[in-house]
Amino acid sequence: MRKNPLDGGRLRPIDLARRHGLSTQAIRNYEAAGVLPEARRTPHGYRTYTPLHASALNAFLALVRGHGHATATSIMRAVNRDATAEALRLIDESHAQLLDDRRTLQAVEAALRDLEPVPPERGDTFVGPLSRRLGIRPATLRKWERAGVVQPRRDPQTGYRVYSAADVRDTLLVHQLRRGGHLLEQIAPLIAQVRSAGGVAPLESTLRDWHARLAARSRAMLSGAGALDAYLECRAAPADGAAG
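Participant: What is the right way to read the environment of Val127 from this model?
Facilitator: As for its placement among the helices and strands, Val127 is situated in helix α6 (residues 127-134). Of the residues examined, Val127 reaches a relative accessible area of 13% and is grouped as buried. Separated by 15 residues in the primary sequence, Val127 and Arg142 have C-alpha atoms spaced 8.7 Å apart. Aside from chain neighbours lying at most four places away, what touches Val127 is Pro138, Leu141, Arg142, Arg161 and Tyr163.

Right, dumping it as structure tokens:
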């Protein structure tokens, strides 16, 4: 017969907090937020926690590393109100977002590989020739400019937009990513990195870091899944214990 985790070993708030380097106020906050099951009270009104609460805290802190604080909180709230299907849906959505992030990274790498270098001696160009080269309307280039992803300067005499070699490079990259279905707000941070790095080549380290972050997030999700599964098993124990 499995031991009922609600009855096996009483823990004070300070005991639960010290195990994870937290404050007792943080433990109370997690309980109030629904991350932890409601604690029992002594006749004098003091909270007492159990291994079930310790398992819940382990699961939450593990989930935070892979899914973020808001999603981890929502997952734990769902589990604690016995809405396991909703919790699993939230996890699936988080994994889908991770997959989308991987696809975005692949698209960025493909766009950078296919980007033709623009030699400085080519000189400046204007909206008309550039739009014809890309096969898009001049209005599209102006829309990209309003979004901040392309920043041509203005000729002081004519007021015409003038695209330097670097501007053309940025425009080609935007065009590649837009054809891949990415939104301008997704593209803008990358273009900003290209500009600050002084070109495409220095971004190799950034892309490596991006790969590393996605890998770390994926591993954290695996750890979170294991901790959550342990908590679900722990929640099932009272029913098993009661059966004896």
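Participant: How should I be thinking about unusual backbone geometry in this particular structure?
Facilitator: Apart from glycine, the bulk of residues carry a negative phi angle, and the bulk of peptide bonds sit in the trans form. Not every positive phi belongs to a glycine, and Asp82 is a case in point at roughly 65 degrees. Structurally, Asp82 is set in the loop between α4 (69-80) and α5 (84-114).

Participant: Explanation requested: α6 in the structure shown.
Facilitator: The α-helix winds at 3.6 residues per turn, so residues separated by three or four positions along the chain end up facing the same way. Of the positions making up α6, those classed as buried are Val127, Leu130, Ser131 and Leu134. Angular distribution of buried residues about the axis of α6 spans 100 degrees; they occupy a single face of the element. Looking at the buried residues of α6, the elements they touch are α7 (138-147), β4 (161-162) and α8 (165-179).

Participant: Can you help me understand the pattern of salt bridges in this one?
Facilitator: Any two side chains of opposite charge can pair, so long as their charged atoms come close to each other. Scanning the model with the defined rule gives eight salt bridges in all. Glu31 is the partner of Arg47 in a salt bridge, and the nearest nitrogen-oxygen pair spans 3.1 Å. In this pair, Arg47 sits in strand β2 (residues 47-48) while Glu31 sits in helix α2 (residues 24-32), placing the two residues 16 residues apart along the sequence. In this structure, the salt-bridge partner of Glu86 is Arg81, at a minimum N-O distance of 2.7 Å.

Procedures and definitions
Residues numbered from 1 in each chain as written. Predicted model: local features only at pLDDT ≥ 70, side-chain atom pairs only at ≥ 80, totals over all residues. Heavy atoms only, no water. Helix = DSSP H or I, 4+ residues; strand = E, 2+ residues; numbered from the N terminus. Buried < 20%, exposed > 50% of the residue type's maximum accessible area, 1.4 Å probe, protein only. Contact = heavy atoms within 4.5 Å. Arc of directions from axis to C-beta. Salt bridge = Lys/Arg side-chain N within 4 Å of Asp/Glu carboxyl O.

Taken by themselves, the reported measurements are silent on function.
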